[in-house]
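So the chains spell out like this:
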Amino acid sequence: MKRHPVLLSIVVCFCLLVSTGAAAVSADTDELRILIDRAPVDPDGDVAGAPTDLLLTFRDIDPTVEGIGLKAGGTITVTLPEGFVDSGTLPFAATGSSPTCAPPLLSTCNTAVIVQGWPQSPVLPFPSVSWDAEANAVTLTAVADWLPAGPSSPGPKAVHLAFLGVTNPERAGLYRLQMRIQPDPDEDRVLTGEGRVQITENPRPALLPISLAAGSPPPPFPNPLFQTIEAGEPSLPLLLYLSDDEANAVVDATFVDGPARVRPIRNADGRRIGLIRVQPARGAREWSLESGGPSTA
């Protein structure tokens, strides 16, 4: 079983721009530029020999940029290089296909979802998931149309691979993954691209955003990573997973509330374990950053 990180609730009372990466390719090209990193829910998803838990972003996560619309039957295929090994112990299945193949458990399946630029932002129903063992490739098939519909619903931009039964390469290094998107099964248009992921030898300290404080299930949730805030109004709260360099949960960490632009994050012993640097929105004269309290398991 994977270790579960912890949550630290933060309210950011100014225009908030938090980016986990953006694939800066315009929507009118058939070339995909893919950025790959560990998924925001897993501190060791990109560690050598650990279960594969990666986020592949193929469109700029700025919500004003349209995603790649999918018609029902449209597909996204991700091909993993040889070093990624399926143990054969868990089936590949659609998210939600069983009680233990649904968030937050995902403990009895390999699954994948499509999101639209911020965590926990899929549009239901979830796509079907199939595995080609010979090609070492997973294919997600849309079961309903999902088309761009403005900044609050910009459309598909990323794929989250949550493969508890697949392990990352045993050797750290740079690995190339291939992606192929056929947006409409009735048309010949195909988009292709390659992304590279750095598989690390050991976990890295992590502070990773999730969207669960911005709404309640089912998804999608409002976008806490790109917000436009009116003067005097609070932002959407942002939850953060915190973990140390052994992928262990960091409990009882917090920071001091207020308007300081640089402030330390301290653990339960008062030791500084990180820094917050704030860049207020242009023209902002009064603002504050508030913690919801010490991080909890």
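Remember, predicted model here, so these are calculated numbers, not experimental data.

> I would appreciate a short explanation of the state of the cysteines in the present structure.
By definition, a disulfide is the covalent link that joins the sulfur atoms of two cysteine residues. Enumeration over the complete set of coordinates arrives at 1 disulfide. What pairs with Cys 101 in a disulfide is Cys 109, and their sulfur atoms sit 2.0 Å apart. Looking down the S-S bond of the Cys 101 and Cys 109 bridge, the torsion is 90°, so its handedness is right-handed. The residues Cys 101 and Cys 109 share a single accessibility class, namely buried.

> For this particular structure, what's the right way to read the confidence of the model for the protein chain?
Regions with low pLDDT should not have their predicted coordinates read in detail. Per-residue confidence for the protein chain gives a mean pLDDT of 89, with 90% of residues at or over 70. Note on residues 1–21: pLDDT under 50 across the span, and 91 contacts to partners over four residues away in sequence or across chains.

> Can you walk me through the packing of aromatic side chains in this structure?
Two aromatic rings, taken as a pair, are described by how far apart their centres are and by the angle between their planes. For the structure shown, the criterion picks out 4 aromatic pairs. Summarising the aromatic geometry, the rings of Phe 84 and Tyr 175 are spaced 6.1 Å apart at their centres and angled 85° between planes, so their arrangement reads as edge-to-face. Of this pair, Phe 84 sits in the loop between strand E4 (75–79) and strand E5 (85–86) while Tyr 175 is found in strand E10 (residues 173–182), placing the two residues 91 residues apart along the sequence. The two residues Phe 84 and Tyr 175 agree in class, both being buried. When the ring of Phe 92 is compared with that of Trp 131, the centres are 4.4 Å apart and the planes differ by 0°; the resulting orientation is stacked. Separated by 39 residues along the polypeptide, Phe 92 in the loop between E5 and strand E6 (110–115) and Trp 131 in strand E7 (residues 128–132) bring together distant segments of the chain. For the pair shown, Phe 92 and Trp 131 are each scored as buried. Through successive ring pairs, a cluster of aromatic residues spans Phe 92, Trp 131 and Phe 163.

Conventions we followed
Starting afresh in each chain, residues are numbered from 1 along the sequence in its written order. A pLDDT threshold of at least 70 governs which residues receive local features in this predicted model, and a stricter bar of 80 or more applies before side-chain atom pairs are shown or counted, although totals over entire chains, interfaces and linings include all residues. Processing note: side-chain calculations cover all non-hydrogen atoms of the structure and skip hydrogens and water entirely. The term disulfide is used for any two cysteine sulfur atoms that are within 2.5 Å. For the exposure calls, accessible area comes from a 1.4 Å probe over protein chains only, and a residue counts as buried if that area is under 20% of its type's maximum, exposed if over 50%, partly exposed in between. Across the chain, each position has a pLDDT score giving the predictor's confidence in that residue, from 0 to 100. Should any heavy atoms of two residues lie within 4.5 Å, those residues are counted as being in contact. Note on aromatic contacts: the rings of Phe and Tyr and the six-membered ring of Trp form a pair at centre separations within 6.5 Å, being stacked when their planes are under 30 degrees apart, edge-to-face when over 60 apart, and tilted otherwise. Secondary structure is summarised from DSSP: a helix means a run of H or I of at least four residues, a strand means a run of E of at least two, and numbering begins at the N terminus for each.

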